[in-house]
Amino acid sequence: MATTTIETDLKEVLAKIDNRLERIEITQSELKESIIKIETTLQIQQPYVQKIPDLAEKVGELKNWKQIG
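Since this is a predicted model, take the numbers as computed values, not measurements. (Residues numbered from 1 in each chain as written. Predicted model: local features only at pLDDT ≥ 70, side-chain atom pairs only at ≥ 80, totals over all residues. Heavy atoms only, no water.)

Let's shift gears to the overall build of the chain. On a plain count of helices and strands, the chain comes out with one helix and zero strands. Taken over C-alpha atoms, the radius of gyration comes to 29 Å for the chain, far larger than the 11 Å a tight globule of 69 residues would show. Projected onto its principal axes, the C-alpha positions of the chain cover 100 × 20 × 10 Å. Put simply, the chain has 69 residues, and 0% of those count as buried. For the chain, the exposed area adds up to about 6900 Å²; of that, 61% sits on carbon and sulfur atoms. A gap of 10 Å separates the mean positions of the 10 positive and 12 negative side-chain charges of the chain. (Helix = DSSP H or I, 4+ residues; strand = E, 2+ residues; numbered from the N terminus. Rg over C-alpha atoms; globule rule 2.2 N^0.38 Å. Buried < 20%, exposed > 50% of the residue type's maximum accessible area, 1.4 Å probe, protein only. Areas by Shrake-Rupley, 256 points an atom, 1.4 Å probe, with all protein chains shown as cover. Lys, Arg positive; Asp, Glu negative; His and termini not counted. Charge placed at Lys NZ, Arg CZ, Asp CG, Glu CD.)

Put into structure tokens, the structure is as follows:
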């Protein structure tokens, strides 16, 4: 009878562990998808970010021309 109780308890613990592992795997998969979306967004924006120094220089030049004018 004690063996049956131990086996039942063990099965319950294993079922809970399996359930938690499944939830962890689902969460991990969702995180991977989010990371892929972020990486894609960054790749799309990268050309624009690279143009910022050029734009800043042009704005500085325009300010100089306005002061001259």
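Residues spaced three or four apart along an α-helix face the same direction, because each turn holds 3.6 residues. With 67 residues, helix α1 (residues 2-68) ought to run about 99 Å at 1.5 Å a step, and its terminal C-alpha atoms sit 95 Å apart, in line with that. Its maximal kink placed at Q46, α1 deviates by approximately 45 degrees, while the proline P47 follows within four residues. (Expected span 1.5 Å × (residues − 1). Bend = angle between axes of the 7 residues up to and from the residue.)

Moving on, we come to the environment of I6. Secondary-structure assignment places I6 in helix α1. Taking the C-alpha atoms as reference points, I6 and W65, separated by 59 residues in sequence, lie 86 Å from one another.

Turning next to a nonpolar patch on the surface. On the surface, L10, V13, L14, I17, L21 and I24 cluster together to form a nonpolar patch covering roughly 540 Å² of accessible area. Tracing the backbone through its elements, the reader meets I17 in helix α1. Owing to a relative accessible area of 42%, I17 belongs among the partly exposed residues under this scheme. (Patch = residues over 30% accessible without salt bridge, like charges linked within 9 Å, V, L, I, M, F, W, Y side chains within 5 Å. Salt bridge = Lys/Arg side-chain N within 4 Å of Asp/Glu carboxyl O.)

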